[in-house]
Amino acid sequence: TQLLEQSPQFLSIQEGENLTVYCNSSSVFSSLQWYRQEPGEGPVLLVTVVTGGEVKKLKRLTFQFGDARKDSSLHITAAQPGDTGLYLCAVLGSKAAGNKLTFGGGTRVLVKP
Amino acid sequence: DAGVTQSPTHLIKTRGQQVTLRCSPKSGHDTVSWYQQALGQGPQFIFQYYEEEERQRGNFPDRFSGHQFPNYSSELNVNALLLGDSALYLCASRRAGASGTEAFFGQGTRLTVV
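Reading guide: rules and limits
- Residues numbered from 1 in each chain as written.
- Chains lettered and ligands numbered in written order.
- Predicted model: local features only at pLDDT ≥ 70, side-chain atom pairs only at ≥ 80, totals over all residues.
- Heavy atoms only, no water.
- Disulfide = S-S within 2.5 Å.
- Helix = DSSP H or I, 4+ residues; strand = E, 2+ residues; numbered from the N terminus.
- Buried < 20%, exposed > 50% of the residue type's maximum accessible area, 1.4 Å probe, protein only.
- Contact = heavy atoms within 4.5 Å.
- Buried area = accessible area lost by both parts, 1.4 Å probe.
- Salt bridge = Lys/Arg side-chain N within 4 Å of Asp/Glu carboxyl O.
- Polar contact = N/O pair within 3.5 Å; in protein donor to acceptor, adjacent residues only side chain to side chain.
- Nonpolar A, V, L, I, M, F, W, Y, C, P; charged D, E, K, R; others polar.
- Pairing = 2+ DSSP bridges.
- Axes fitted to C-alpha atoms, helices over the stretch in contact; angles between N-to-C directions.

Visitor: Describe the state of the cysteines, and please don't skip the residues or the numbers.
Guide: Enumeration according to the criterion identifies two disulfides over all chains in this entry. Residue Cys23 of chain A pairs covalently with Cys89 of chain A via a disulfide, S to S 2.0 Å. Handedness here is read from the sign of the S-S torsion; for Cys23 of chain A and Cys89 of chain A, about 75°, the answer is right-handed. Residue Cys23 of chain A is found in strand 3 (residues 19-24), and its partner Cys89 of chain A is found in strand 9 (residues 85-92); the two are separated by 66 residues along the sequence. The burial state of Cys23 of chain A is the same as that of Cys89 of chain A; both residues are buried. Paired by a disulfide, Cys23 of chain B and Cys91 of chain B hold their sulfur atoms 1.8 Å apart. When the S-S torsion is -60°, as for the bridge of Cys23 of chain B with Cys91 of chain B, the disulfide is left-handed. With Cys23 of chain B in strand 3 (residues 19-24) and Cys91 of chain B in strand 9 (residues 87-94), this pair connects stretches of sequence that are 68 residues apart. Pair check on accessibility: Cys23 of chain B and Cys91 of chain B agree, each one buried.

Visitor: Outline the interface of chain A and chain B, listing residues and values.
Guide: Facing 22 residues of chain A, the contacting portion of chain B comprises 19 residues. Both sides of the chain A and chain B interface together cover about 1500 Å² of buried area, and 52% of this is carbon and sulfur. For chain A, the biggest contributors to the area lost against chain B are Lys100, Leu101 and Phe103 of chain A; these three give 26% of the whole. On the surface where chain A and chain B come into contact, there are zero salt bridges. The tally of links between chain A and chain B comes to three residue pairs in polar contact (both at pLDDT 80 or more). Those elements giving two or more residues to the side of chain A that touches chain B turn out to be strand 4 (32-37), strand 9 and strand 10 (101-103) of chain A. By residue number, the principal contributor to the side of chain A that touches chain B is strand 9 of chain A, which donates three residues. Residue composition of the side of chain A that touches chain B, by class: ten nonpolar, eight polar and four charged.

Visitor: Which residues make up the sheet that holds strand 3 of chain B, and what are the values?
Guide: Within a sheet, neighbouring strands are paired by backbone hydrogen bonds and run either parallel or antiparallel to one another. Residues and elements named next belong to chain B. A sheet is described by the order of its strands in space; here four strands give the open sequence 1-3-8-7, paired in antiparallel fashion. Every other strand in the sheet has two partners, leaving strand 1 (5-7) and strand 7 (64-68) as the edge strands with one partner each. In this sheet, adjacent strand axes meet at a mean angle of 20° when their direction is disregarded. For strand 3 and strand 8 (residues 74-78), the ladder comprises five bridges, and the chain directions are antiparallel. Bridging across to strand 8, Arg22 finds its partner in Glu75.

Visitor: Before we move on, can you summarise the sheet that holds strand 3 of chain A with the specific residues and values?
Guide: All names here are of chain A. One open sheet accounts for five strands, arranged 1-3-8-7-6; its pairing is antiparallel. Unpaired on one side and paired on the other, strand 1 (5-7) and strand 6 (55-58) mark the two borders of the sheet. Each strand of the sheet is rotated relative to its neighbour by a mean of 15°, with strand direction disregarded. Examined bridge by bridge, strand 1 and strand 3 share three bridges and lie antiparallel to one another.

Structural data, given as C-alpha cells:
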C-alpha cells in the first residue's frame, strides 16, 4: 500500500475545461507538496501546504490541504495545453530522515487544444 | 546559475552490465539525493549523500551504490543490471541546514536495460 494514493491516474480534457486531482492517505502529515513534471524533465515544486484547511492559489491552480492534514487536492481552472504533465504529491521527511521526499504515483494530465 | 545537471541524458545497457550516472548539484547546494522513477510511477528514494557520506537509504539492494565528491557532485552506480532497473534516474539537490529548503531536480537520466 502506497503512503500517498493519487487519483485519477490519468485525465484527458479539452482546453478551457476544469479539472481536480486528489492525493489521499491514512496518515497525518505536517506538510505536503505538489510537483509538476513535464516530459523529459524532472519534477518542479509548485507549492507546499502546511496548515489543515489551507488554500493556496498559483494563477489558475488552487491547492487545498484537508482539515485533518491527510489529504490534498489540486484544482485547475480553464486548463491550457501548457498544463499538460504529471502532477505529483509528496511528503517531506523530517530533517533527521534527511528530508527525503515520498511521492504518490502521480496523475497524468493531458490538455488537448 | 546552472541548476542541477545530470549526465548522460540517455543510456542503453545490457543485462549484467554496470552503469555510472552523474549529477552536479545546483550552486550553493551540498546535499544530493537520487530517485528512481519507473514508467508511469512516482519517483522512489534511493539514497542521499551529504559531506561525502551516505546518510539515508531507501529500499534498494546493495547493487545500488553511490559516491559524493568534495565539490558536492555525485555518482550513482548500479551493478549487475536487471531489466527491471530500466527507469528515469533523478538527482535532486538541496542546501542542508536550512529549514524548509526546496529540493531542485535535474532532468534525469533515462536508463534502458536490454
